[in-house]
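Close look at the chain arrangement
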Amino acid sequence: MPNSKYVFVTGGVTSSLGKGIISASLAKLLQARGLRTTIQKFDPYINVDPGTLNPYEHGECYVTDDGAETDLDLGHYERFLNVKTSQANNVTTGRIYQSVIEKERRGDFLGKTVQVIPHITNEIKARMQLLGKGDEHDVVITEIGGTVGDIESLPYIEAVRQLRWELGRENCVVIHLTLVPFLSAAKELKTKPTQHSVKTLMESGINADVLVCRTEHELSDDLRKKLALFCNVEQEAVIQSIDAETIYDVPILMHEEGLDQVVMKRLGIELDNQPDLTQWQNFLKRHKNPKSSVTIGLIGKYVELQDSYKSILESFVHAGAANEVEVKVVPIHSSYLEEKDVQEKIANLDGILVAPGFGERGIEGKINAIKYVREHQIPFFGICLGMQMAVIEYARNVLQLLAANSVEMDADTPHPVISLMDEQRNIIQKGGTMRLGAWTCAIEKDTLLHKVYQNDRIEERHRHRYEFNDAYYEQYQAHGMIASGVNPETQLVEAIELPAHPWFVGVQYHPEYSSTVANPHPLFVGFVNACNRYAQSKN
Ligand code: GLN
């Protein structure tokens, strides 16, 4: 008997159906019934982790406390469950092969030919059960990335087939997420793509237990019956997932459709309680009934792709609800933000957030924007590269160090106000080598940061190579920019602010990774509050 019960979520027909949200919603419902639930994501690509991927390829890279660079779906898991994830929650094909090859080089396979079956599938199965082995979780939900039928997904599907056989069907449930498209010319919902994708799954030896059907229109009883018959599932296991106003409605909608009930029944989990979603409903009520509204500019170089800054956008949703304020985020592409356009694009905003990032493109646009909001007392929040840009802007325009820069952008700058961290100097390898994960930060008393956190010490997650150059600190302090947060061991500057400005904060770390529905991040809450005050003051 395994310690945990397993739920596998596969996807069919097309990508982007929201497997991560469905998995997180189911996990939320099971958690709200008192079951200790965790989620993991298996990604079929060859990269060892998404850390080296451009956001255009795979959206945001999400960083966990233990410093793993992971898929953005782990962000949804943490935001929904308010439980921390780690490297163990995200595995890629690259990582699987890396560890099998390491074992082969060590001679662990004793002269055997190393093959996809059984060696790769055994490694996948071992990793799939890692979080279920101890006594920590009642249910482990595993989301399989990609779409059924893809060549690269095959070893994962085979591993699920084997596990189901080994652990028993009463301990493993397979949920298949598919699309039921609406053809407007025929005015009809079509089941054929779902039938085909269920058939593809069957060719690999897996009969889905539950179908979750993404749709833009209600599924009629007849259509549910038809899907059940053709796809070999019971009718109660055909779950409609209709487009929702917000992703935070999905747990409620899934509960109304009976997803948690069906999954528990298949797994033989008998609980007669209902999920306690009081806190969740409360959040939704505040989110949907704002008392005022603010418009915040999000300045970055990947803004056209909404997944690039996923955690920031979700943090605004949490902070908006906490303040009962609607946060309208206006994406502003930093690459096209020239000085002459700044007034027109920024003057009417209630605040700006300058996003994290890498490389030179777009940095002058960020600096132009920061100068404007600093001089016009508009709330400013800079994260990682955003904080570094605020430091450079201040050097150029206030300290009069006109050629100040980060050595990331100009290795020969006469004023390297942002410089490479010592520990980074001899690093050549790109993957997994930044300063990553949670580090302690000591907060100066009587600062805005202290007021925001109400705490002397915090832990926040990082992902960077460059840092504030301490050699310039006295000059900054003399001109009114202070370090309000530092690493207590290395003295690395973690946060800067301008005491003379209503709300001007830059942080070297990433607060957006740890904002959840249950615990909105205090910096986002404080920033939205400041933007709201600024907006009110204009009226
Ligand atoms: N490129 C900068 C650095 O490596 C900022 C990184 C970031 O914004 N995550 O320090």
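Here, every reference points to the structure presented above.
The rules behind each value
- Residues numbered from 1 in each chain as written.
- Predicted model: local features only at pLDDT ≥ 70, side-chain atom pairs only at ≥ 80, totals over all residues.
- Heavy atoms only, no water.
- 1 Å grid on protein atoms, 1.4 Å probe; cavity = no way out; pocket = protein on both sides within 12 Å on 5 of 7 lines; lining within 4 Å.
- Points joined across faces, edges and corners; volume = space filled by probe spheres on them.
- Helix = DSSP H or I, 4+ residues; strand = E, 2+ residues; numbered from the N terminus.
- Nonpolar A, V, L, I, M, F, W, Y, C, P; charged D, E, K, R; others polar.
- Pairing = 2+ DSSP bridges.
- Axes fitted to C-alpha atoms, helices over the stretch in contact; angles between N-to-C directions.
- Core = buried A, V, L, I, M, F, W, Y, C linked by side-chain atoms within 4.5 Å.
- Buried < 20%, exposed > 50% of the residue type's maximum accessible area, 1.4 Å probe, protein only.
- Contact = heavy atoms within 4.5 Å.
- Near = heavy atom within 4 Å.
- Polar contact = N/O pair within 3.5 Å; in protein donor to acceptor, adjacent residues only side chain to side chain.
- Areas by Shrake-Rupley, 256 points an atom, 1.4 Å probe, with all protein chains shown as cover.
- Parallel < 35°, antiparallel > 145°, perpendicular 65-115°, else oblique.
- Left-handed = near helix turned anticlockwise from the far one by under 90°.
- Expected span 1.5 Å × (residues − 1).
- Salt bridge = Lys/Arg side-chain N within 4 Å of Asp/Glu carboxyl O.

**Topic: the layout of surface pockets**
In this structure, the second largest pocket spans a volume of roughly 750 Å³. Secondary-structure elements contributing two or more residues to the lining of the second largest pocket are helix 2 (55-58), helix 15 (385-397) and strand 19 (457-464). Among the residues forming the lining of the second largest pocket, the class breakdown is 17 nonpolar, 14 polar and eight charged.

**Things to note about the sheet that holds strand 14 (residues 351-354)**
Overall, mixed pairing links the nine strands, which are arranged 13-12-14-15-23-22-21-18-19 in an open sheet. The open sheet is flanked by strand 13 (325-333) and strand 19, the only strands paired with a single partner. In this sheet, neighbouring strand axes are inclined to one another by 30 degrees on average, regardless of whether the strands run parallel or antiparallel.

**Notes on the nonpolar core**
Side chains that are nonpolar tend, in soluble globular proteins, to be buried together. Grouped together as the largest cluster of nonpolar side chains are 57 residues, with contacts concentrated most on Val7, Ile141, Ile175, Val210 and Leu259. The element best represented in this core is helix 1 (residues 19-31), accounting for seven residues. Ignoring any residue separated from it by four or fewer positions in sequence, one finds valine 7 in contact with Leu26, Val139, Val140, Ile141, Thr142, Val173, Ile175, Val263 and Leu267. Among the nonpolar cores identified, the runner-up in size contains 43 residues, and Ile418, Tyr476, Ile496 and Tyr534 belong to it.

**Looking at the site of the ligand**
Near the ligand, the surroundings consist of Pro356, Gly357, Phe358, Cys384, Leu385, Gln388, Glu408, Arg463, His464, Arg465, Tyr466 and His510. Within the backbone of glycine 357, an N or O atom sits 2.9 Å from an oxygen atom of the ligand. Tyrosine 466 is positioned such that a nitrogen or oxygen atom in its backbone is 2.9 Å from an oxygen atom of the ligand. For the ligand, whose unbound accessible area comes to 300 Å², protein coverage reaches 99%. Looking at the shell around the ligand, the elements with two or more residues in it are helix 15 and strand 19. Looking at the shell around the ligand residue by residue, the class counts come to five nonpolar, four polar and three charged.

**Examining the packing of helix 13 (residues 339-346) against helix 14 (residues 363-375)**
The N-to-C vectors of helix 13 and helix 14 enclose an angle of 55 degrees; their axes lie 9 Å apart at closest approach. Considering their axes alone, helix 13 and helix 14 lie oblique with respect to each other. The two elements helix 13 and helix 14 meet at a crossing, and its hand is right-handed. Of helix 14, the residues touching helix 13 (which contributes Glu339, Val342, Gln343 and Ile346) are Asn368, Ala369, Lys371, Tyr372 and Val373. Of the residues that constitute the contact of helix 13 with helix 14, the class distribution is five nonpolar, two polar and two charged.

**Let's talk about unusual backbone geometry**
In this chain, isoleucine 117 is followed by proline 118 through a cis amide linkage whose omega measures 15 degrees. Mapping proline 118 onto the fold places it in helix 5 (residues 116-129). Although it is not a glycine, lysine 187 sits at a positive phi angle of roughly 50 degrees. One can find lysine 187 in the loop between strand 8 (182-183) and strand 9 (188-189). The residue glutamine 454 is not glycine, and still its phi comes out positive at about 55 degrees. Exposure remark for glutamine 454: the relative accessible area of 63% places this residue in the exposed category.

**Observations regarding the side chain of threonine 64**
Within the secondary structure, threonine 64 sits in the loop between strand 3 (62-63) and strand 4 (69-70). On the accessibility criterion, threonine 64 (0% relative accessible area) is buried. A distance of 2.5 Å separates polar atoms of two side chains, one belonging to threonine 64 and the other to aspartate 66. The contact partners of threonine 64, leaving out residues within four places of it in the chain, are Thr70, Leu74, Glu78, Thr85, Ser86, Gln87, Gly437 and Arg461.

**As for the sheet that holds strand 17 (residues 416-420)**
Here three strands make up an open sheet; going across it, the order is 16-17-20 and the pairing mixed. The sheet is open, and its two borders are formed by strand 16 (405-406) and strand 20 (466-468), each paired with just one other strand. One ladder, built from two bridges, connects strand 16 with strand 17; its direction is parallel. Bridge assignment links serine 406 to a residue of strand 17, and that residue is isoleucine 418. Against the sheet, helix 15 touches strand 16, strand 17 and strand 20, its axis set at about 145 degrees to strand 17.

**A word on helix 6 (residues 154-167)**
Counted at 1.5 Å a residue, the expected span for helix 6 with its 14 residues is 20 Å, and the 20 Å between its end C-alpha atoms agrees. Counting buried positions along helix 6 yields ten of 14 residues, so the element is predominantly enclosed. Of all the positions in helix 6, only Pro155, Tyr156, Ile157, Glu158, Ala159, Val160, Gln162, Leu163, Arg164 and Leu167 are classed as buried. Two residues or fewer past helix 6, glycine 168 is found with a positive phi of approximately 95 degrees.

**Side note on the pattern of salt bridges**
For side chains of opposite charge, pairing can occur when their charged atoms come near one another. Enumeration over the complete set of coordinates arrives at 41 salt bridges. Where arginine 461 meets aspartate 65, a salt bridge forms, and the shortest distance between an N and an O atom there is 2.9 Å. You can see arginine 461 sitting in strand 19 and its partner aspartate 65 sitting in the loop between strand 3 and strand 4, a full 396 residues away along the chain. A salt bridge links arginine 425 to aspartate 422; the shortest N-O distance between them is 2.9 Å. Owing to a relative accessible area of 60%, aspartate 422 belongs among the exposed residues under this scheme. Salt bridges sharing partners connect three or more residues here, namely Lys41, Asp43, Asp71, Asp73 and Glu143.

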